[in-house]
Amino acid sequence: MGVVIPLEEKTQEPSIEGLLALVSADMERVNKTILARAASDVSMIPEVANHLISSGGKRLRPMLTLATAGLCGYDGAGHIKLAASVEFMHTATLLHDDVVDESDMRRGKLAARMLWGNEASVLVGDFLLGQAFKMMVEVGSLPCLDVLSSAATIIAEGEVMQLSAAKDTQTSEDDYLAVIRAKTAALFGAASEVGPLLGQRPKAEIAACRGYGLNLGIAFQLIDDALDYGGTSAKLGKNVGDDFREGKITLPVVLSFRRGTQKQRDFWRRTLEKGEIAEGDLETAIATMHKHRALEDTIERARHYGAMARDALELFPPSPWKFALSDVVDFCVNRAY
């Protein structure tokens, strides 16, 4: 079931075409690097890796590395390997996530674990992480290595935090935001920070790029949460309601639970904590969220973080890079339509 979430009139469809045009040549080099580094004499490794790598992801995170490097005037070649590293880190977390969440679909295709098994998915994810760190070392920037390795640690902490909060309807909004700051926003922030680090820019510019990425990452995840209940399968690349079926506590659930009646809270406990989902329960969940404005308010919070991401860019003078990065915020937030 897909539910459109109309909030206000749009004047123009947000797009990342400007960013794509600016990073086009560099992304070609990044994609070649990704394919080369996913190669292995162990045939199953490239099979599993390429199943996900070639499945149509936007590659937004590596594009942020390229774009912030451009924004800060970096003219070397290190950003290519760092962008590929960022994409490998992201791909590794997806492979691991699908095993933890027991997901069947990823980007509209069968998840790798459904084709090759959980063990292969985890181990190929580990291989990609190893390759990512190898490329970081080759770039030779200790500050960049520090930022990306710290992000890898924070992402793992976020995954464990989410695991401990799984199916717990007592999760607060603050608890949930802490999870997505670690699980999603940390990589957005690191991807955006290494560009100015490579260019050896002033601390203020490095902090601004990091702030841009972190806030964009939070906005991105909040929109994903809303789309799981208010989007369409074609837009999501997975089934609508997957979070619900997997018992995930996301912000729309947190808000619905807090604002609900005792009967509605009992519904969330039965479906999410106990996993007792009956026919029509997803529709009930979506209707309850609309009743309490949980989806609309999740999107409002995403807009708030999106505005903070745009504000972080104000430190920089006008340029095509700045305008393109600002458009990325609009694109991510407006996926809710």
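Worth saying up front: this structure is predicted, and the values here are computed from it rather than measured.

### A few points about the overall build of the protein
- Summing up its helical and strand segments, the protein has 16 helices and two strands in all.
- Its C-alpha atoms give the protein a radius of gyration of 20 Å, within 12% of the compact-globule value 20 Å for 337 residues.
- Projected onto the principal axes, the alpha-carbon positions of the protein cover approximately 60 × 50 × 30 Å.
- Within the protein, the fraction of its 337 residues that count as buried is 54%.
- When contacts within the protein are restricted to residue pairs at least 6 apart in sequence, long-range pairs at least 24 apart make up 77% of them.
- Counting only carbon and sulfur atoms, one obtains 54% of the accessible surface of the protein, whose full area is about 14,500 Å².
- Once the 37 positive and 46 negative side-chain charges of the protein are each reduced to a mean point, those two points are 1 Å apart.

### Description of the packing of helix 1 (residues 17-37) against helix 16 (residues 320-333)
- At their nearest, the axes of helix 1 and helix 16 sit 8 Å apart, and the two run at 135° to each other. One way to sum up the angle between helix 1 and helix 16 is to call them oblique. The two elements helix 1 and helix 16 cross, and the hand of that crossing is left-handed. Contact with helix 1, carried on its side by Gly-18, Leu-19, Leu-22 and Val-23, involves Pro-320, Trp-321, Ala-324 and Val-328 of helix 16 and no other residues of that element.
- Considering only residue class, the contact of helix 1 with helix 16 consists of seven nonpolar, one polar and no charged.

### Looking at the packing of aromatic side chains
- A full pass over the atoms with the stated rule returns five aromatic pairs.
- An angle of 20° between the planes, with centres 6.4 Å apart, marks the rings of Phe-244 and Phe-267 as stacked. On the criterion of sequence distance, the pair formed by Phe-244 in helix 11 (residues 242-245) and Phe-267 in helix 13 (residues 262-273) is long-range, its members being 23 residues apart.
- Judged by its relative accessible area of 10%, Phe-267 falls in the buried class.
- Plain terms: the ring middles of Phe-267 and Trp-268 are 5.2 Å apart, the flat faces sit at 70° to each other, and that makes the pair edge-to-face. You'll find Phe-267 and Trp-268 in the same group, each marked buried.
- Members of the aromatic cluster, connected to one another through ring pairs, are Tyr-229, Phe-244, Phe-267 and Trp-268.

### Observations regarding the pattern of salt bridges
- Applying the stated criterion to the full structure yields 22 salt bridges.
- For Arg-301, the salt bridge identified is with Glu-173, shortest N-O distance 2.5 Å. One end of the pair, Arg-301, is in helix 15 (residues 294-312); the other, Glu-173, is in helix 8 (residues 173-198), and 128 residues separate them in sequence.
- The exposure class assigned to Glu-173 is partly exposed, which follows from its relative accessible area of 23%.

### With respect to unusual backbone geometry
- Of note in the backbone geometry, Glu-102 takes a positive phi value of approximately 55° without being a glycine.
- Within the element layout of this structure, Glu-102 appears in the loop between helix 4 (78-101) and strand 1 (105-106).
- Overall, Glu-102 belongs to the exposed group, its relative accessible area being 59%.

### Some details on a nonpolar patch on the surface
- On the surface, Leu-110, Met-114 and Leu-115 cluster together into a nonpolar patch covering about 260 Å² of accessible area.
- The topology assignment puts Leu-110 in strand 2 (residues 109-110).

### Brief notes about helix 16
- Here helix 16 spans 20 Å end to end across 14 residues, near enough to the 20 Å set by a 1.5 Å rise per residue.
- Restricting attention to buried positions, one finds in helix 16 the residues Trp-321, Lys-322, Ala-324, Leu-325, Val-328, Val-329, Phe-331, Cys-332 and Val-333.
- Buried residues along helix 16 sit in contact with helix 1, helix 3 (60-71), helix 9 (203-230) and helix 15.

### Looking at the state of the cysteines
- Inspection of every chain in the model, using the stated rule, returns zero disulfides.
- Of all cysteine sulfurs, the one in Cys-209 lies closest to Cys-72, which takes part in no disulfide; the gap is 4.2 Å.
- With a relative accessible area of 1%, Cys-209 lands in the buried category.

### Let's talk about the confidence of the model for the protein
- Averaged over all residues, the pLDDT of the protein is 92; the fraction at 70 or higher stands at 93%.
- Across residues 1-11, confidence stays below pLDDT 50; counting only partners more than four residues off in sequence or on other chains, it has 24 contacts.

### Overview of the environment of Tyr-229
- As for its placement among the helices and strands, Tyr-229 is situated in helix 9.
- Distance from Tyr-229 to Asp-168, taken between C-alpha atoms, is 19 Å for residues 61 residues apart in sequence.

The rules we used
Residues numbered from 1 in each chain as written. Predicted model: local features only at pLDDT ≥ 70, side-chain atom pairs only at ≥ 80, totals over all residues. Heavy atoms only, no water. Helix = DSSP H or I, 4+ residues; strand = E, 2+ residues; numbered from the N terminus. Rg over C-alpha atoms; globule rule 2.2 N^0.38 Å. Buried < 20%, exposed > 50% of the residue type's maximum accessible area, 1.4 Å probe, protein only. Contact = heavy atoms within 4.5 Å. Areas by Shrake-Rupley, 256 points an atom, 1.4 Å probe, with all protein chains shown as cover. Lys, Arg positive; Asp, Glu negative; His and termini not counted. Charge placed at Lys NZ, Arg CZ, Asp CG, Glu CD. Axes fitted to C-alpha atoms, helices over the stretch in contact; angles between N-to-C directions. Parallel < 35°, antiparallel > 145°, perpendicular 65-115°, else oblique. Left-handed = near helix turned anticlockwise from the far one by under 90°. Nonpolar A, V, L, I, M, F, W, Y, C, P; charged D, E, K, R; others polar. Phe/Tyr/Trp six-rings, centres within 6.5 Å; stacked < 30°, edge-to-face > 60°. Salt bridge = Lys/Arg side-chain N within 4 Å of Asp/Glu carboxyl O. Patch = residues over 30% accessible without salt bridge, like charges linked within 9 Å, V, L, I, M, F, W, Y side chains within 5 Å. Expected span 1.5 Å × (residues − 1). Disulfide = S-S within 2.5 Å. pLDDT = per-residue confidence, 0-100.

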